[in-house]
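Working through the structure, step by step
Residue-level listing of the chains:
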Amino acid sequence: MSLTAGIVGMPNVGKSTLFNAITNSQVEAANYPFATIKPNTGVVEVPDKRLDYLCQLYHPLRRVAATFEFTDIAGLVKGASKGEGLGNQFLANIRETDAICHVVRCFEDPNILHVDGSVNSLRDAETINLELIFADLETIENRIAKIEKKATTSKEKNAVEEYEILKRIRTTLMANQPVRSIEFTPEQARLVKSFHLLTNKPMIYVANMGENDIANFDNNKEYQALKKQAALEKAGIIPICAKIEDQLASLDEEERLLFMDELGMQESGLSRLIKATYQLLGLETFYTSGKDECRAWTFKKGMKAPQCAGIIHTDFERGFIKAEIYNYEDLIQYGTETAVKENGKYRLEGKEYLMKDGDIAFFKFNV
């Protein structure tokens, strides 16, 4: 299942440094605007202690973790929706992502230029958000122009319903609010998704701080201001020091743990960001396990057993018969698959079964 989170923000806020750390790759992180023009994409592994436990239990030949993509998109500037700073190209890159990680600078450094001359997290966040809103307004206005006459003269039911939704979206955008802040019915949400609106994508703020601030991030005034704004928008927020994370990514496991211990970190900021973005996309994990392979599979919350079987192979969904299922929590409680069966927690499930996070599955099919 290929899903992508786009890393966006103003120029020189630490996006490429963060991307380097996430993917442990070396994309350009230069100290000038638009150093990144083509989006860099990297596949990241979702940290997963459950998969680690399964591997300890089965000692498989292969361990395959769940993954998804992060895309580093060039810095946006004021006027991007009108083409400033190659804005149209960058907005198109964002449109192709499933979620947005909005990096905002919350640190002072005279050696790193700021395109607006000073650090202001709310101003910078608003600059990006407004450009996304302006781009969405253009999309909505174009759609309204096509459907308005049909909705107001012929009174066709579908056209009228779409027209009312479009007007509601336009009112929200005109108030400088993102589309994701609107409550839609499931049917309306499916229609709105077809518009491919930028501000309808789930978003998380990444507050990038200096090395001296991250240990006490609650004392950072820029972070506090951004945190309040995120709450108003119903967006997530994670404090991080991209510079430290980049250093951690270059170390081996033992050195990384020692460095984290010195910094008083229980978990890396990247690990928290990756897991938060995974959740932001509405993703969960099921497992297949055995001597040959222990593997984590990504699925969208709400998928049924045949759909999840289809993630492994389309034939599994087409010829689905049933699924043998037990959950990771039951395995932890009883210790072995045999004990899980003896205690009645190993089940046969049919086509209507909704897969749960942590399910361990064996699918039976016939084609």
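The structure presented is a predicted model; accordingly, all values stated were derived computationally and were not measured.

Definitions and limits used
Residues numbered from 1 in each chain as written. Predicted model: local features only at pLDDT ≥ 70, side-chain atom pairs only at ≥ 80, totals over all residues. Heavy atoms only, no water. Axes fitted to C-alpha atoms, helices over the stretch in contact; angles between N-to-C directions. Helix = DSSP H or I, 4+ residues; strand = E, 2+ residues; numbered from the N terminus. Parallel < 35°, antiparallel > 145°, perpendicular 65-115°, else oblique. Left-handed = near helix turned anticlockwise from the far one by under 90°. Contact = heavy atoms within 4.5 Å. Nonpolar A, V, L, I, M, F, W, Y, C, P; charged D, E, K, R; others polar. Salt bridge = Lys/Arg side-chain N within 4 Å of Asp/Glu carboxyl O. Buried < 20%, exposed > 50% of the residue type's maximum accessible area, 1.4 Å probe, protein only. Pairing = 2+ DSSP bridges. Polar contact = N/O pair within 3.5 Å; in protein donor to acceptor, adjacent residues only side chain to side chain. Core = buried A, V, L, I, M, F, W, Y, C linked by side-chain atoms within 4.5 Å. Phe/Tyr/Trp six-rings, centres within 6.5 Å; stacked < 30°, edge-to-face > 60°.

1. Observations regarding the packing of helix 4 (residues 121-154) against helix 5 (residues 157-174)
Direction vectors running N to C along helix 4 and helix 5 enclose 150°, while the axes themselves pass 9 Å from each other. With respect to their mutual orientation, helix 4 and helix 5 come out roughly antiparallel. Pair helix 4 / helix 5 crosses with left-handed handedness. Taken together, the residues of helix 5 that come into contact with helix 4 (itself represented by Ile 133, Asp 136, Leu 137, Ile 140, Glu 141, Arg 143, Ile 144, Ile 147, Glu 148, Lys 150, Ala 151 and Thr 152) are Ala 159, Val 160, Glu 162, Tyr 163, Leu 166, Lys 167, Ile 169, Arg 170, Leu 173 and Met 174. Tallied by class, the residues present in the contact of helix 4 with helix 5 amount to 13 nonpolar, one polar and eight charged.

2. Quick look at the pattern of salt bridges
Counting across every chain of the model gives 19 salt bridges. Here Glu 293 makes a salt bridge to Arg 62, at a shortest N to O gap of 3.3 Å. Of this pair, Glu 293 sits in strand 9 (residues 293-300) while Arg 62 is found in strand 3 (residues 62-64), placing the two residues 231 residues apart along the sequence. Residue class for Arg 62 comes out partly exposed when judged on its relative accessible area of 44%.

3. Observations regarding unusual backbone geometry
With phi around 45°, His 59 is a residue other than glycine that occupies positive phi space. As for its placement among the helices and strands, His 59 is situated in the loop between helix 2 (49-58) and strand 3.

4. Brief notes about the sheet that holds strand 1 (residues 4-8)
Sheet architecture is open: six strands sit in the order 2-4-1-5-6-7, paired in mixed fashion. Taken across any chain shown, the strands that pair with only one partner, and hence form the sheet edges, are strand 2 (40-45) and strand 7 (236-240). The average angle at which neighbouring strand axes cross in this sheet is 25°, direction not considered. Summarising the sheet, strand 5 (residues 99-105) and strand 6 (residues 203-208) pair through six bridges and their orientation is parallel. Looking at the pairing, Arg 105 lines up with Asn 208 of strand 6. Helix 4 rests against strand 1, strand 5 and strand 6 of the sheet, and its axis sits at about 150° to strand 5.

5. Digging into the environment of Leu 232
Tracing the backbone shows Leu 232 in helix 7 (residues 221-233). With a relative accessible area of 67%, Leu 232 lands in the exposed category. Here the alpha-carbon distance between Leu 232 and Gln 177, two residues 55 residues apart in the chain, equals 9.9 Å.

6. Regarding the environment of Tyr 334
Among the structural elements, Tyr 334 can be located in helix 13 (residues 328-334). Residue Tyr 334 is classed as partly exposed on the basis of its relative accessible area of 25%. Beyond its immediate chain neighbours, meaning those up to four positions away, Tyr 334 contacts Ala 339, Val 340, Asn 343 and Lys 345. Of note is the side chain of Tyr 334, whose polar atom sits 3.4 Å from the side chain of Gln 333.

7. Some details on the nonpolar core
Ranked by internal contacts, the top residues of the largest apolar core, which has 68 residues, are Leu 18, Phe 68, Phe 70 and Leu 273. Among all residues touching Leu 273, those that are not within four sequence positions of it are Leu 18, Ile 22, Cys 101, Ile 204, Val 206, Ile 238 and Ile 240.

8. Things to note about the pairing of strand 5
Moving residue by residue along a regular strand, the side chains alternate between the two faces of the sheet. With respect to burial, strand 5 is a largely interior element, seven of its seven residues being buried. Where burial is concerned, the two faces of strand 5 agree: the one with Ala 99, Cys 101, Val 103 and Arg 105 and the one with Ile 100, His 102 and Val 104 are both buried.

9. Some remarks on the packing of aromatic side chains
Tallying each qualifying case throughout the model produces eight aromatic pairs. Note on Tyr 53 and Tyr 328: the rings are 5.9 Å apart at their centroids and 90° apart in plane angle, and the pair reads as edge-to-face. Remark: Tyr 328 occurs in helix 13 and Tyr 53 occurs in helix 2; sequence separation between them is 275 residues. Given a relative accessible area of 10%, Tyr 328 falls into the buried group. The interplanar angle of 80° and the centroid separation of 5.3 Å between the aromatic rings of Phe 217 and Tyr 223 together place this pair among those described as edge-to-face.

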